[in-house]
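A structural walkthrough
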Amino acid sequence: ELGTSETIERILINENQLQAKVAELANQISIDYEGKNPLFVGILKGAFVFLSDLIRHVKIPAHVDFMQVSSYGSGTESSGIVKILKDLDISVEDRHVIIVEDIVDTGVTMQHLLELLSARKPASLAVCTLLDKKERRIVDVHLNYVGFEIPNAFVVGYGLDYAEFYRNLPFIGIPYKEVYE
Ligand code: PRP
Ligand code: MN
Ligand code: MG
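In this report, the structure presented in the accompanying data block is examined. Note that the structure is predicted; figures quoted are calculated from it, not measured.

1. Let's talk about the overall build of the chain
The helix and strand inventory of the chain stands at 4 helices and 8 strands. If you list the helices and strands of the chain from N to C, you get β-α-β-α-β-β-β-α-β-β-β-α. In terms of C-alpha radius of gyration, the chain reaches 16 Å, essentially the compact-globule figure of 16 Å for 181 residues. With 181 residues in all, the chain has 32% of them scored as buried. For the chain, the proportion of contacts with a sequence separation of at least 24, taken over those separated by at least 6, is 66%.

Written out as structure tokens, the structure reads:
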């Protein structure tokens, strides 16, 4: 059945590996942003699981807000068009902003986000992504914090979806080809 763990062919990153890495990233961010009250900007929907785990390991005062953009539609390939579906509530002006993503794939989404947010004059702007699918990059974007570099395979779970399914899996896995072909 679509969306269940039985349709996952291989677990790429298990729950323990994810949790250890998330804690490590949060610890580093807590050191780097001491005294800066960073604003974490989660990119919906994919980043909601990662951000919710990450933020609970952050040891310093911080704010959280969300933006929603979409480039994929329901398929597995980027359309190259980035739509803003929900903007921030909190102003980023003079704030130390950390964009939080589940995955940077082609980089198109992140490039648009960086352009958009840097135009709003933040004090600083950084990117924290759980996954980096480097092989697929078509635009060069600087990533400040990266959880895992992954190969060019279609991955789901821990916030990442296929046709909105699988976001609830506690691990990152590769579904059987029959699922998405
Ligand atoms: C996915 C992912 C990133 C983006 C990365 O989001 O969560 O936001 O695509 O792709 P790119 O580097 O090629 O631009 P998606 O558009 O699927 O929306 P979702 O987070 O709501 O699933
Ligand atoms: Mn996304
Ligand atoms: Mg998606």
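Okay, back to it.
2. Looking at the sheet that holds strand E7 (residues 145–149)
Each strand in a sheet pairs with another by means of backbone hydrogen bonds, the pair being arranged parallel or else antiparallel. If you walk across this open sheet you meet the 6 strands as E4-E3-E2-E5-E6-E7, and the pairing is mixed. The sheet terminates laterally at strand E4 (83–86) and E7, the two strands that pair on one side only. Sheet twist, expressed as the mean angle between neighbouring strand axes with direction ignored, is 25°. Bridge analysis of strand E6 (residues 124–132) against E7 gives 4 bridges, and the strand direction is parallel. By the bridge assignment, leucine 131 is partnered in E7 with phenylalanine 148.

3. So, the nonpolar core
Core analysis: the biggest nonpolar cluster contains 38 residues, and Phe50, Ile98, Ile99 and Val100 have the highest contact counts within it. Every element with two or more residues in this core is listed here: helix H1 (15–32), strand E2 (39–44), helix H2 (48–55), strand E5 (96–104), helix H3 (108–118) and E6. Looking at which element gives the most residues to this core, the answer is E5, with 6 residues. If near-sequence neighbours (up to four positions away) are discounted, phenylalanine 50 is found in contact with Val22, Val100, Asp102, Leu130, Tyr158 and Gly159.

4. What to know about H3
Listed as buried for H3 are Thr109, Met110 and Leu113. Viewed end-on, H3 has its buried residues packed into an arc of 90°, placing them on one side of the element. Looking at the buried residues of H3, the elements they touch are E2, strand E3 (63–70), E5 and E6.

The rules behind these values
Residues numbered from 1 in each chain as written. Chains lettered and ligands numbered in written order. Predicted model: local features only at pLDDT ≥ 70, side-chain atom pairs only at ≥ 80, totals over all residues. Helix = DSSP H or I, 4+ residues; strand = E, 2+ residues; numbered from the N terminus. Rg over C-alpha atoms; globule rule 2.2 N^0.38 Å. Buried ≥ 20, exposed ≤ 12 C-beta atoms within 10 Å, placed from the backbone. Contact = placed C-beta atoms within 7 Å. Pairing = 2+ DSSP bridges. Axes fitted to C-alpha atoms, helices over the stretch in contact; angles between N-to-C directions. Core = buried A, V, L, I, M, F, W, Y, C linked by C-beta atoms within 7 Å. Arc of directions from axis to C-beta.

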